[in-house]
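# Fold and contact review
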Amino acid sequence: MRPFRQPLVAATLALSLAACGPQESLEAAAPSSVEDARTPAQREAERTPYELDAAFARAGQDFQVPAELLKGIAYAETRFEMIQGHQEFEGVPAASGLMALRGDNLTEGARLAGVSVEEARTQPEANIRAAAALLSRWAQAEGIAREDVGAWAPGVVKLSGITNPEAQAQYVHREVYGVMRSGVVAQTPAGGVAVSLMPGEVRAKFASPSVHAMAAGPDYASAVWRASPNYNARPTGSGGGVQVIVIHTCESSYASCWSWLVNTESGVSAHYVVNESGSEISQLVRESSRGWHVGATYVSSLNGGQMTHLEGTSVNNFAVGIEHGGSASQSSFPAGQIEASAKLTCDISRDNSVPRDGYHIVGHGKLQPYNRTDPGPNWPWSSYLARVQELCGDALIIDSNNDYNDASKGYIQVSSNWTSSASVAGYYGSGYWYASTQAISDPATFSFYLSAAGTKTIDAWWTSGTDRSTAAPFLVLDASGKQLAKVVVNQQTGGGTWNTLGTYAFPAGWNKVQLSRWTTTGSVVIADALRVR
């Protein structure tokens, strides 16, 4: 299977053909890439590949800091994962390691622990020891009774760098001491115990979160409204409005993230922040307002050549930003967080008529690749987009780029004789496949899965041009391989829209629609996208 397209190849091809009109020419096909095949359980286990209990115990003993406190901080910050964070917000240095040490805390902690900064940044035990050494120094200065776990709370807050009082209270009571009360066990990929934090009756000696009714988000009732001052009005006209949803990771914990984004001095914001478990979402900016979450102007070539009318304008003009507690370098994202985010994205897209595909729901790093990477290589794009579409009740669309297909529901297969292109406008998504017509069995195959038998209408999308076949044959096959229909279409017309091939009764299982090359020679056939509704 060669399911993936490289946008730069397509863009180069487009430039080379710009003066030739709507025609194709054969060039080398794009290389393929590989979908993440790990199961959710495997991805979660790989967040913590080390057996860390002994390291926490040694650091706690050597620096006289409760080991369970160190574990609580590590869970709240990284879910026990050795992250190598990136900068998401100006003024907030990147975090490193299990304890998410950043800036001066990393440097000073390493010095106090007697390890190098590089060791504290990259080695799990050195990172834990650097955090323990810092906490120990602060405890000594404040005269904290070391055996009193609750008394360490001010040091926990100081280590986090959070300055907003409400966020401090939420972080220390719910996130750090909360997990110490509930307990947690993390496993290694081999199934061993990586970290064991036993539940205990412990309370932070710190101001409790204020008890008051929180207003619901003005655009999303499931969110808590924490208004940020960092926004302005969107421009009017075609360059404004909500046209894109941008996915971010905070490079910090949830409480640290939203508190920074409502800080007047930060100069940044996002419309929403989703916490690590998916149990809480904050809305900070109304969707109708211009949040400050992408520091780049729009370059359409970075996004499959889509929305060229926005070229060179600020992404913030037309985007809604969703931050997520966590890091772009983490190996997986919690299922609860993904589900909560998908529900939110469905709601935003439905309210603002944003297409639910990989070109209108995009990562920050895609639009600002020179200095941002979030949400990182392990954000589950295909399943995330499929879940958003499912929640919104969309028809199944199989794109020519498998990056945007949920392989459990639908995908495309083409041989190496098919060429990726974006040279003719009107394609769906980031481009399409084409191949010359000849007497050969070498179809492009769109496969889709039905869990139960059903009658479905099939639509196809292509780009039109004078070199397209006037008799392109689509073969409709059921899960047993039986041909249900052969539909011949003229691809010199009907480009840039859905064209109905017919309505058929399909059995449960993997059914197929194939675009054959076996027709009158001297032209090309176009495999772009298929819709099952």
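Look above for the structure.
Since the model is a prediction, treat every value here as computed from it, not as a measurement.

## Some points on the state of the cysteines
When the sulfur atoms of two cysteines share a covalent bond, that bond is a disulfide. Under the defined criterion, the tally for this structure stands at two disulfides. Bridging Cys 250 to Cys 257, the disulfide has an S-S length of 2.2 Å. Of note, the bridge from Cys 250 to Cys 257 carries an S-S torsion of about -80 degrees and is left-handed in sense. Each member of the pair, Cys 250 as well as Cys 257, carries the same accessibility label: buried. Put simply, Cys 346 and Cys 392 are joined by a disulfide, and their sulfur atoms are 2.0 Å apart. Here the S-S torsion is close to 120 degrees, and the disulfide linking Cys 346 with Cys 392 is therefore right-handed.

## Topic: the sheet that holds strand S2 (residues 95-97)
Sheet strands pair via backbone hydrogen bonds, and the direction of the pair is either parallel or antiparallel. Taken together, three strands build an open sheet; the order of strands is S1-S2-S3 and the sheet is antiparallel. The sheet is open, and its two borders are formed by strand S1 (83-84) and strand S3 (101-102), each paired with just one other strand. One ladder, built from two bridges, connects S1 with S2; its direction is antiparallel. When the bridges of S2 are listed, Gln 84 appears paired with Ser 96.

## Examining the pattern of salt bridges
Scanning the model with the defined rule gives 20 salt bridges in all. We note a salt bridge from Asp 459 to Arg 531, for which the minimum N-O separation is 2.9 Å. Highlighted residues: Asp 459 in strand S19 (residues 454-461) and Arg 531 in strand S25 (residues 529-532), separated in sequence by 72 residues. This pair shows no difference in class: Asp 459 is buried, exactly as Arg 531 is. Across the pair Asp 459 and Arg 533 runs a salt bridge whose closest N-O atoms are separated by 2.4 Å. Pair noted here: Asp 459 is in strand S19 and Arg 533 is in the segment after S25, with a separation of 74 residues, a long-range link. Overall, Arg 533 belongs to the partly exposed group, its relative accessible area being 43%. Sharing partners across several salt bridges, the network here consists of Glu 339, Lys 343, Arg 387, Glu 390 and Lys 409.

## Considering the packing of aromatic side chains
Under the counting rule described, the total for this entry stands at 17 aromatic pairs. A ring pair is formed by Phe 56 and Phe 80, whose centres lie 6.5 Å apart and whose planes are at 70 degrees; its orientation type is edge-to-face. With Phe 56 in helix H3 (residues 53-63) and Phe 80 in the loop between helix H4 (67-78) and S1, this pair connects stretches of sequence that are 24 residues apart. Like Phe 56, the residue Phe 80 is buried in the burial classification. Ring centres 5.3 Å apart and planes at 55 degrees place the aromatic pair Tyr 411 and Trp 510 in the tilted group. Residue Tyr 411 is located in strand S15 (residues 410-413), and its partner Trp 510 is located in strand S23 (residues 509-515); the two are separated by 99 residues in the primary sequence. Residue class for Trp 510 comes out partly exposed when judged on its relative accessible area of 31%.

## Describing the side chain of Glu 175
Residue placement: Glu 175 occurs in helix H9 (residues 165-182). In this structure, Glu 175 is buried with no salt-bridge partner, the nearest side chain bearing the opposite charge being Arg 79 at 5.6 Å. Sequence-distant contacts of Glu 175, that is, excluding residues within four places in its chain, are made with Ala 76, Gln 170, Ser 253, Tyr 254 and Ala 255.

## Points about the pairing of strand S18 (residues 444-450)
Most of S18 sits inside the fold, with six of its seven residues counted as buried. Note that S15 and S18 share four bridges and pair antiparallel. By the bridge assignment, Tyr 411 is partnered in S18 with Ser 447. Taken together, the seven bridges between S18 and S23 define a ladder with antiparallel strand orientation. When the bridges of S23 are listed, Phe 448 appears paired with Asn 511.

What counts and what doesn't
Residue numbers run consecutively from 1 along every chain, following the written order of its sequence. In keeping with the predicted nature of the model, local features appear solely for residues at pLDDT of at least 70, side-chain atom pairs appear and are counted solely at 80 or more, and the whole-chain, interface and lining totals rest on all residues. Side-chain descriptors were evaluated using all non-hydrogen atoms of the structure, hydrogens and water having been removed beforehand. Cysteine sulfur atoms are paired as a disulfide whenever they fall within 2.5 Å. Throughout, exposure labels follow a simple rule: accessible area from a 1.4 Å probe, protein chains only, divided by the maximum for the residue type, with under 20% read as buried, over 50% as exposed, and the rest as partly exposed. Any two strands are treated as partners once DSSP identifies two or more bridges connecting them. Starting at the N terminus, helices and strands are each numbered in turn, a helix being any DSSP run of H or I of at least four residues and a strand any DSSP run of E of at least two. The working definition used for a salt bridge is a side-chain nitrogen of Lys or Arg within 4 Å of a carboxyl oxygen of Asp or Glu. Each aromatic pair joins two rings of Phe, Tyr and Trp (for Trp, the six-membered one) with centres within 6.5 Å, and gets the label stacked for planes under 30 degrees apart, edge-to-face for over 60, and tilted for any other angle. Counted charges follow a simple rule, with Lys and Arg positive, Asp and Glu negative, and His plus the chain ends left uncounted. We call two residues in contact whenever any of their non-hydrogen atoms come within 4.5 Å of each other.

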